[in-house]
Amino acid sequence: MVAYMAEGETPIVMSNSPFKDEVVRLIPQLRAYATALTRSRSEADDLVQDALMRAWSYRAKFQPDAQLKPWLFQILRSRFYTDIAKRRLTVQDVDGQFAASLTCSAEQEWRVEYSELLEALDTLSRDGREAVLLVLATGLTYEEAAQVCGCPLGTMKSRVNRAREQLALLLDPPVNRSRTIYAMPACEREPARHP
């Protein structure tokens, strides 16, 4: 299989190899993570493509005894934050008028809930949001996520736990939870335990 990068560049010959097969198998997970980070399918596709091109060009440096999945996620994550740093230097739509013209009202309940989830994710710390996305949204293990972020395993578990708790409070505040309990028929509530 031959892939051409751009006009005038040398073609890259992609042989059938375990490395290539494993990379291709991980594309849906990479795309899901990129979509969660960018919140745009087209930007996510660009980010995944860029990460895959970098992984392919650095495949000779990949250690055979290392795990490919965290390595690819680390490349994608690094690329995302590099792009953010570049965007900070560019100012566009300062007053937000263009962005406001692109919004539309939510038409379905799931869309409202999805918007609430995105807003709740935005309130999390960067580390917490990243931990939740890596472990809960993309399905990486705690070990793999810790490897991607370059932190100890215990730190990753702690980040995910704190972020989960914050999301639970934001998406279902204690006021709503207490109403739910009181709204339950008495026969469904747990009996009070007396010492």
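Relevant structure appears above.
Values in this document were obtained by computation on a predicted structure and should not be read as measured data. (Residues numbered from 1 in each chain as written. Predicted model: local features only at pLDDT ≥ 70, side-chain atom pairs only at ≥ 80, totals over all residues. Heavy atoms only, no water.)

This structure, assessed with the given rule, holds 9 salt bridges. As a salt-bridge pair, Arg-79 and Asp-50 come within 2.4 Å of each other at their nearest N and O atoms. With a gap of 29 residues between them, Arg-79 in helix α3 (residues 68–88) and Asp-50 in helix α2 (residues 41–57) connect regions that are remote in the sequence. A salt bridge links Arg-77 to Glu-130, with the shortest nitrogen-to-oxygen separation between them at 2.2 Å. One end of the pair, Arg-77, is in helix α3; the other, Glu-130, is in helix α6 (residues 126–137), and 53 residues separate them in sequence. Each member of the pair, Arg-77 as well as Glu-130, carries the same accessibility label: buried. (Salt bridge = Lys/Arg side-chain N within 4 Å of Asp/Glu carboxyl O. Helix = DSSP H or I, 4+ residues; strand = E, 2+ residues; numbered from the N terminus. Buried < 20%, exposed > 50% of the residue type's maximum accessible area, 1.4 Å probe, protein only.)

A word on the packing of α6 against helix α8 (residues 153–171). Packing of α6 against α8 leaves a shortest axis separation of 8 Å and a crossing angle of 100°. In terms of their interaxial angle, α6 and α8 are classed as roughly perpendicular. Here Asp-127, Gly-128, Ala-131, Val-132, Val-135 and Leu-136 of α6 come into contact with α8, specifically with Met-156, Arg-159, Val-160, Ala-163, Arg-164 and Leu-167. Of the residues that constitute the contact of α6 with α8, the class distribution is 8 nonpolar, 1 polar and 3 charged. (Axes fitted to C-alpha atoms, helices over the stretch in contact; angles between N-to-C directions. Parallel < 35°, antiparallel > 145°, perpendicular 65-115°, else oblique. Contact = heavy atoms within 4.5 Å. Nonpolar A, V, L, I, M, F, W, Y, C, P; charged D, E, K, R; others polar.)

According to the stated counting rule, one finds 2 aromatic pairs in the structure shown. Aromatic side chains Tyr-33 and Phe-73 sit 5.5 Å apart centroid to centroid with 45° between the ring planes, which places their arrangement in the tilted category. In this pair, Tyr-33 sits in helix α1 (residues 18–38) while Phe-73 sits in helix α3, placing the two residues 40 residues apart along the sequence. Exposure class is identical for Tyr-33 and Phe-73. Each is buried. Judged by centre distance (5.1 Å) and plane angle (70°), the rings of Phe-80 and Tyr-81 are edge-to-face. Over the face of the ring belonging to Tyr-81 we find Arg-126, whose NZ or CZ atom lies 4.2 Å from the ring centre. Above the plane of the ring of Tyr-142 lies Lys-157, whose end atom (NZ or CZ) is 5.8 Å from the centre. (Phe/Tyr/Trp six-rings, centres within 6.5 Å; stacked < 30°, edge-to-face > 60°. Lys NZ or Arg CZ within 6 Å of the ring centre and 35° of its normal.)

Moving on to the nonpolar core. Counting 42 residues, the largest nonpolar core has Leu-68, Trp-71, Leu-72, Leu-76, Leu-134 and Met-156 as the members making the most contacts within it. Put simply, the parts of the chain that give this core at least two residues each are α1, α2, α3, α5 (109–123), α6, α7 (142–149) and α8. With 8 residues, the single largest contributor to this core is α3. (Core = buried A, V, L, I, M, F, W, Y, C linked by side-chain atoms within 4.5 Å.)

Our focus in this paragraph is a negative patch on the surface. Residues Glu-109, Glu-113, Glu-116 and Glu-119 make up a contiguous surface patch of negative charge. Along the chain, Glu-116 turns up in helix α5. (Patch = residues over 30% accessible without salt bridge, like charges linked within 9 Å, V, L, I, M, F, W, Y side chains within 5 Å. Areas by Shrake-Rupley, 256 points an atom, 1.4 Å probe, with all protein chains shown as cover. Lys, Arg positive; Asp, Glu negative; His and termini not counted. Charge placed at Lys NZ, Arg CZ, Asp CG, Glu CD.)

The next subject is α6. The end-to-end C-alpha distance of α6, which contains 12 residues, comes to 15 Å, matching closely the 16 Å that a straight helix rising 1.5 Å per residue would cover. Of all the residues in α6, the buried ones are Gly-128, Glu-130, Ala-131, Val-132, Leu-133, Leu-134 and Val-135. The first or second residue beyond α6 is Gly-139, which carries a positive phi of 85°. (Expected span 1.5 Å × (residues − 1).)

Enumeration according to the criterion identifies 0 disulfides in this entry. Summary of cysteine pairing: Cys-149 is not part of a disulfide, and the nearest cysteine sulfur, belonging to Cys-151, is at 5.3 Å. On the basis of relative accessible area, Cys-149 is assigned to the buried category, the value being 15%. Overall, the relative accessible area of 14% leaves Cys-151 in the buried class. (Disulfide = S-S within 2.5 Å.)

On their own, these measurements won't tell you what the molecule is for.
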